[in-house]
Amino acid sequence: MLGSLARWLRMMGHDVEFPAILDDDKLMILAKNEKRVLLTRDLELYKRSTSRGIDVFYVEGRSEAERLAALAKRFGMPLEIDLRFSRCPRCNAAILRVPKEKIEDKVKKNTFSHYSEFWECPKCGKIYWQGAHWPKIRETLGDAKKSLGEASSV
Ligand SMILES: [Zn+2]
């Protein structure tokens, strides 16, 4: 349910595990052992985690922007994406800037000629650039900032 949020947080540079198949007990053990904050929209899991002393955050918000704003408020997290610090949304490895000429055969011709900055995930090999989806990303971050501003002025 929070897969999309996990991808956002990784893009924002956070180390986020997103275990798809773990049950609640395993999730709590993982969070505790790795000293991670458990993010959940499951109120039962939230309560159980709290009673076990696990650092847990109950994610509220109707949109991605609202959920990001809630996290920014709770953790003082900047609502920015700086690709120098981003992690691969797909696999959580830190992505690296790659010289354009190295990825020529890995992206479409149009993409290659349109953009000059590229990043590569050293783990899964996915190539990233600030493409057509980027304005949408900025818009969501803008909405999140607006939502955070409204929340803190109350
Ligand atoms: Zn990757």
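Remember, it's a predicted structure, so these values are computed and weren't measured experimentally. Every chain's residues receive numbers from 1 upward, in the order its sequence appears when written. Selection of residues for local features in this predicted model requires a pLDDT of at least 70, selection of side-chain atom pairs for listing and counting requires 80 or more, and totals for whole chains, interfaces and linings are taken over all residues. Computation of side-chain values covers all heavy atoms of the structure but excludes hydrogens and water.

How do you make sense of the packing of helix α2 (residues 24-33) against helix α3 (residues 43-51) when you look at a structure like this?
Two quantities define a packed helix pair, namely the angle between the helix axes and the distance between the axes. Note on geometry: axes are C-alpha line fits, over the in-contact stretch for helices, and angles between N-to-C directions span 0 to 180 degrees. Going along the chain from the N terminus, every DSSP run of H or I of four or more residues is numbered as a helix, and every run of E of two or more is numbered as a strand. For the pair α2 and α3, interaxial distance at closest approach is 11 Å and the crossing angle is 45°. For the element pair α2 / α3, the angle class is oblique. Crossing of α2 against α3: the hand is right-handed. Along the contact surface, α2 presents D24, D25, L27 and M28, while α3 presents L45, R48 and S49. Here the residues of the contact of α2 with α3 are counted per class, giving three nonpolar, one polar and three charged. Any angle between 65 and 115 degrees counts as roughly perpendicular, while under 35 counts as roughly parallel, over 145 as roughly antiparallel, and the rest as oblique. Rotating anticlockwise by less than a right angle from the far helix to the near helix defines a left-handed crossing, while the corresponding clockwise rotation defines a right-handed one. Only heavy atoms matter for contacts: two residues are in contact if any of them lie within 4.5 Å across the pair. Residues are grouped as follows: Ala, Val, Leu, Ile, Met, Phe, Trp, Tyr, Cys and Pro are nonpolar; Asp, Glu, Lys and Arg are charged; every other residue, Gly included, is polar.

Quick question: what am I supposed to make of the coordination of the zinc ion here?
Tetrahedral coordination by four donors places them ideally at 109.5 degrees to one another around the metal; octahedral coordination by six donors ideally gives 90 or 180 degrees. A donor here means any N, O or S atom no more than 2.8 Å from the metal (3.2 Å for Na, K and Ca); water is not included, so a site may seem to lack partners. With distances of 2.2 to 2.3 Å, the protein atoms coordinating the zinc ion are C88 (SG), C91 (SG), C121 (SG) and C124 (SG). Taken together, the four donor atoms coordinating the zinc ion and their angles of 98 to 122° define a geometry best described as tetrahedral. Donor residues binding the zinc ion come from one chain and are separated in sequence as C-x2-C-x29-C-x2-C. One end of the pair, C91, is in the loop between α4 (64-75) and β3 (96-98); the other, C121, is in the loop between β4 (118-120) and β5 (127-128), and 30 residues separate them in sequence. Taken as a pair, C91 and C121 share a single burial class, namely buried. The geometry test gives tetrahedral to four donors whose angles all lie between 85 and 135 degrees, gives square planar to four donors and octahedral to six donors whose opposite members are over 155 degrees apart with all other angles between 65 and 115, and gives irregular to the rest. A 1.4 Å probe rolled over the protein chains alone gives each residue an accessible area, and that area as a share of the maximum for its type sets the label: buried under 20%, exposed over 50%, partly exposed in between.

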